[in-house]
Amino acid sequence: MNRFFSKALLLALSISFLNSFVSAQISDEDYFSDENPQIEDFDSILNLEEENSSLVNDSLQRNLTIIGSEQPLNLDPHTATYASEAQILDSLYEGLFSYNPKNLDPLPAICESYKISRDKKRWTFTLRDKLTFSDGEKITAYTVRSSWLSLLKTPNAPYASMLDCIKGAASYREGKTGESELGIVVRNDKTLVVTLNSPTAHFSKLLCHHAFSVCKLKDDGKCDTGVFSGAFTVKERSLKTLVLSKNEKYWDAKNVHIPQITLQQSNELKDNSWSYNDGSSDWLSGMFDTDALLNKNSLRISAIFGTEFLFFSCKNKPWNDADFRNALLTAVPWALLRKNGLVKAETLIYPLAGYHGVEGINETSIEDAQEMMADARKKLGISADERLSITFGISLQSERQKQQAEILKEAWEPLGVDLKVQTTPEDRYIDSIAGWNADIFSYSWIGDFADPIAFLELFRANSTLNPSKWQNEKFEELIYKANETTDNSEHYRLLAQAEQILLDSGEIMPIMHSISLHAINLNQIGGWYVNALDIHPFKYLYFKEMKVETAPNVI
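Counting residues in hydrophobic clusters, the biggest one holds 129 residues, and the most contacted among them are Leu96, Trp148 and Trp412. Element by element, the count of residues in this core is highest for strand S12 (residues 299–312), at 9 residues. Leaving out residues up to four positions away in the same chain, Trp148 has contacts with Leu96, Leu163, Ile166, Ile184, Leu192, Val194, Leu207 and Phe212.

Turning our eyes to something else, we now look at the confidence of the model for the protein. Mean pLDDT over the protein stands at 88; residues scoring 70 or higher make up 89%. Across residues 1–50 the pLDDT falls below 50, and counting only partners more than four positions away or on other chains, this stretch makes 168 contacts in the model. This model gives residues 549–555 a pLDDT under 50, and the stretch forms 0 contacts once residues within four places in sequence are excluded.

Simply put, the disulfide is a covalent bond whose two ends are the sulfur atoms of two cysteines. Taken as a whole and judged by the stated rule, the model has 1 disulfide. Across a sulfur-sulfur distance of 2.2 Å, Cys215 and Cys223 are joined as a disulfide pair. One disulfide, between Cys215 and Cys223, carries an S-S torsion of -60° and so falls in the left-handed class. The exposure classification of Cys215 matches that of Cys223, with both residues buried.

So, on to the sheet that holds strand S1 (residues 64–68). Either a parallel or an antiparallel arrangement is found when strands of a sheet pair, and the pairing is made through backbone hydrogen bonds. In spatial order, the strands read S8-S9-S10-S1-S11-S16-S12-S15-S13-S14; together these 10 strands make up an open sheet with mixed pairing. The open sheet has two edge strands with one neighbour each: strand S8 (232–237) and strand S14 (417–424). Strand after strand, the sheet turns through a mean of 25° between neighbouring axes, direction not considered. In this sheet, strand S11 (residues 283–285) lies alongside S1 in parallel orientation, the contact comprising 2 bridges. Counted as the bridge partner of Ile67 is Leu284 from S11. The strands that helix H10 (residues 399–412) touches are S12, strand S13 (388–395), S14, strand S15 (440–446) and strand S16 (508–520); relative to S13, the one it contacts most, it runs at about 165°.

Moving on, we get to the packing of helix H13 (residues 473–484) against helix H14 (residues 488–504). Between H13 and H14, the shortest axis-to-axis distance is 8 Å and the interhelical angle comes to 165°. When the axis of H13 is compared with that of H14, the two are roughly antiparallel. Taken as a pair, H13 and H14 cross one another with a handedness that is left-handed. In this structure, H13 uses Lys474, Phe475, Leu478, Ile479, Lys481, Ala482 and Asn483 to contact H14, whose residues at the interface are His491, Leu494, Leu495, Gln497, Ala498, Ile501 and Leu502.

A word on the pairing of strand S6 (residues 184–188). Bridging between S6 and strand S7 (residues 191–195) involves 4 bridges; their strand directions are antiparallel. Paired with Val185 across the bridge in S7 is Val193. Hairpin remark: S6 followed by S7, antiparallel, with 2 residues in the connecting loop.

Our next topic: the side chain of Arg460. Assignment of secondary structure puts Arg460 in the loop between helix H12 (453–456) and H13. Among the residues examined, Arg460 registers a relative accessible area of 14% and is labelled buried. In terms of polar contacts, Arg460 uses its side chain to reach the side chain of Asp164, at 3.2 Å. With sequence-adjacent residues up to four places away left out, Arg460 is seen in contact with Ser161, Asp164, Asn466, Phe475, Glu476 and Ile479.

Parameters and conventions
Residues numbered from 1 in each chain as written. Predicted model: local features only at pLDDT ≥ 70, side-chain atom pairs only at ≥ 80, totals over all residues. Heavy atoms only, no water. Core = buried A, V, L, I, M, F, W, Y, C linked by side-chain atoms within 4.5 Å. Buried < 20%, exposed > 50% of the residue type's maximum accessible area, 1.4 Å probe, protein only. Helix = DSSP H or I, 4+ residues; strand = E, 2+ residues; numbered from the N terminus. Contact = heavy atoms within 4.5 Å. pLDDT = per-residue confidence, 0-100. Disulfide = S-S within 2.5 Å. Pairing = 2+ DSSP bridges. Axes fitted to C-alpha atoms, helices over the stretch in contact; angles between N-to-C directions. Parallel < 35°, antiparallel > 145°, perpendicular 65-115°, else oblique. Left-handed = near helix turned anticlockwise from the far one by under 90°. Polar contact = N/O pair within 3.5 Å; in protein donor to acceptor, adjacent residues only side chain to side chain.

In structure tokens:
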């Protein structure tokens, strides 16, 4: 998950570390073979066995302790972008829909029911009765509308453009029109009517995202991050600890079983593992030493709907030219660049079932690259002897990005290209990209819903998620047509064509598809499922009675 890393972002900056860490730490042949690591496949994890959680023993419920990576947390649902933040925000705030914990399908949340018009453009939502915030203030259809308007008017809201599918939303967001032009209308306290520009089949999936949840607004029109609409509230907060408590005013409080959740941040891998071993923590998310873990059956490793890639900024010549970019890509030693990837990526989008026909990037030929560079120089009147400079902006703390820079530097020198490195601290990396005059950046992204559009939105011209400012008219046209169709296979076919245009333009360098790594004992904790987005809503978690098998008496 980039300042613009979708549900993504502890993972955004640490995912490459996580991949190399896993490959270095896990050597047990029960988990990986040299050629085929046993990572749960994305498509297979969607078909999960039903778990019976109807009978929960209240006497077993207690504080749940989770340990994750050290990272500043932004608890504003409109501006947060890290994966670790999304996990928390999904429990503090809720909108019309929420995620099914197993397959991530949208579940009605504060919306009790909805209907879609025959032309598929008008969605009418009916809210539940007696909805309130954690402070007791009433939640109505007006609250939903005002939350969305606040999002659209927030300059640094990364996900605001995802609502551009709503009539008038893009123009309102850009300050060109007023509220009266918006296709977001309140009929009464319980009824919200949303009119779309065209049929948008993934609209309900989109609305699961925390950015579109309901928040109480302060006098300045921004979210009040001390009042909550979700299953939990913030009880305590310090530099490395966040304590959540059950929201007793939540509409479905009776089905929230965990009374308190303590989230601790620590990058001490061995200490984290031993904390899990001695029962001090119940769930380790990413940051732990698998060799020090006693119960290897607690490991949960899976491929998720995410990708690490490098992208070109389109600010500077000649790197805003596709011919120059493709010359560079043809010289890249892809096997070496992707060496540490457990799930190597040749495309941007993880190959969903039914999504195919995209030719990835994997060809390396220094001879072809030199000829392509010569042609590109000739086109722009650049001498064959002129040394060209390209700048890679990397995180100061990322050894992986430094290694990538060395690989690219060596690969591009024969093309007359000198790669330079500029650095910034890790905690500022994503925020720095917009104003950073570098040519290449590193990004990791986890889709917000299982549809290719969740990735392609990163390169749509007017998207608030577009860090590169790359534009292509044919790409835009295909995105529009794909969103308009109600035929899923046609939707995928058009989006595959759009991705192919992106890849053929040389705009990105796919490195690896993301994985998730957790330690959690599912014999003790229920309601936790492996899924494609690595989202595990706290609302559904509960402690189970541990069954201890004893050996028979031997006489």
